[in-house]
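# Structural overview for review
Here's the letter readout for the chains.
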Amino acid sequence: MATAATPPPTTAASELNIDIPTNQPLFTRIRLAANPDVPVIHKMIYQMAAFDQRLADQCSATLFSKDNPFESFTVFLIEVSTKPFPSPSTTHHPKFTPIHKTLNVHPPVSDPELETFKSSTMEDEVFVAGFVLFFPNYTMSVAKPGFYIQDLFLRESYRRMGLGKMLLAAVARQAVAMGYGRVEWVVLDWNTNAIKFYEEMGAYVVKEWMVYRLIGDGLQAYAATNDLEKE
């Protein structure tokens, strides 16, 4: 009986047709937030509070001054799309030009909340992935203003892609452009992933400082003391 023919050796071409990882381009844009973005920012604040601060019941209204960003609290949004952003993109503030970057992601992003986080710009298939909220402060040690980052948040579908680094870099770039001396923030001591992330980017922890806070009943009580009364 004739033996079966030996199958031909596998070719490079046939090997390349098996389980090829496909990278999907993800187009990103960082822009200044404005009043129309308040609803989507609120949704992210509630997600952030539920995730790491257990403060959802303390969330309150947020408003933005479109005329004076960087003089009070300011929010950068990072938006994503599977399509290139229009050029030029949405009208931007003279103090900040939106930042664009294209990423290659694998596997493709699966976002079950796309419809909930549509961009307020009404551009087709543009969605908000996260935000950073910051405001100016001042330090005598460097005799310059700086930025204090209050909150940095990325929705779950967009973590570990480098978007957080992009938001922090945008704040740092703005600080340098304005001649500011530093950018600082705090992190919860149990958030080891965030701590590792910050240390890898070159930030350092200020171990000799402790944070004190008056809030709620404690604030009201101390404001009512007699310390300001004449003797």
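Before reading further, recall that the structure is shown in the block above.
Reading the values: rules and limits
- Residues numbered from 1 in each chain as written.
- Predicted model: local features only at pLDDT ≥ 70, side-chain atom pairs only at ≥ 80, totals over all residues.
- Heavy atoms only, no water.
- Salt bridge = Lys/Arg side-chain N within 4 Å of Asp/Glu carboxyl O.
- Helix = DSSP H or I, 4+ residues; strand = E, 2+ residues; numbered from the N terminus.
- Buried < 20%, exposed > 50% of the residue type's maximum accessible area, 1.4 Å probe, protein only.
- Pairing = 2+ DSSP bridges.
- Axes fitted to C-alpha atoms, helices over the stretch in contact; angles between N-to-C directions.
- Contact = heavy atoms within 4.5 Å.
- Polar contact = N/O pair within 3.5 Å; in protein donor to acceptor, adjacent residues only side chain to side chain.

If you walk through the whole model with that rule in mind, you get 11 salt bridges. A salt bridge links Glu79 to Arg29; the shortest N-O distance between them is 2.6 Å. Taken together, the residues span a long stretch of sequence, with Glu79 in strand 2 (residues 74-81) and Arg29 in strand 1 (residues 24-32) at a distance of 50 residues. Overall, Glu79 belongs to the buried group, its relative accessible area being 0%. When its relative accessible area of 0% is taken as the criterion, Arg29 is described as buried. Across the pair Glu184 and Arg182 runs a salt bridge, and its minimum N-O distance is 3.5 Å. Connected through salt bridges with shared partners, the residues Arg29, Arg31, Asp37, Glu79 and Glu123 form a single ionic network.

Turning next to the sheet that holds strand 3 (residues 99-105). For sheets, the rule is that strands pair by backbone hydrogen bonds, running either parallel or antiparallel. Spatially, six strands are ordered 3-1-2-4-5-6 in an open sheet, and the strand pairing comes out mixed. Strands with a single pairing partner mark the edges of an open sheet, and in this sheet they are strand 3 and strand 6 (183-185). Ignoring which end each strand starts from, the neighbouring axes of this sheet average 30° apart. In the packing of helix 3 (residues 163-177) onto the sheet, contacts are made with strand 1, strand 2, strand 3, strand 4 (127-139), strand 5 (144-154) and strand 6, and the angle to strand 5 comes to roughly 165°.

With that settled, consider the environment of Leu163. Tracing the backbone through its elements, the reader meets Leu163 in helix 3. For Leu163, a relative accessible area of 0% translates into the label buried. Once residues within four sequence positions are removed from consideration, Leu163 is found in contact with Thr28, Ile78, Val80, Leu103, Ala129, Leu154 and Tyr158.

Mapping Thr139 onto the fold places it in strand 4. In terms of polar contacts, Thr139 uses its side chain to reach the side chain of Ser141, at 2.8 Å. Leaving out residues up to four positions away in the same chain, Thr139 has contacts with Lys144 and Arg182.

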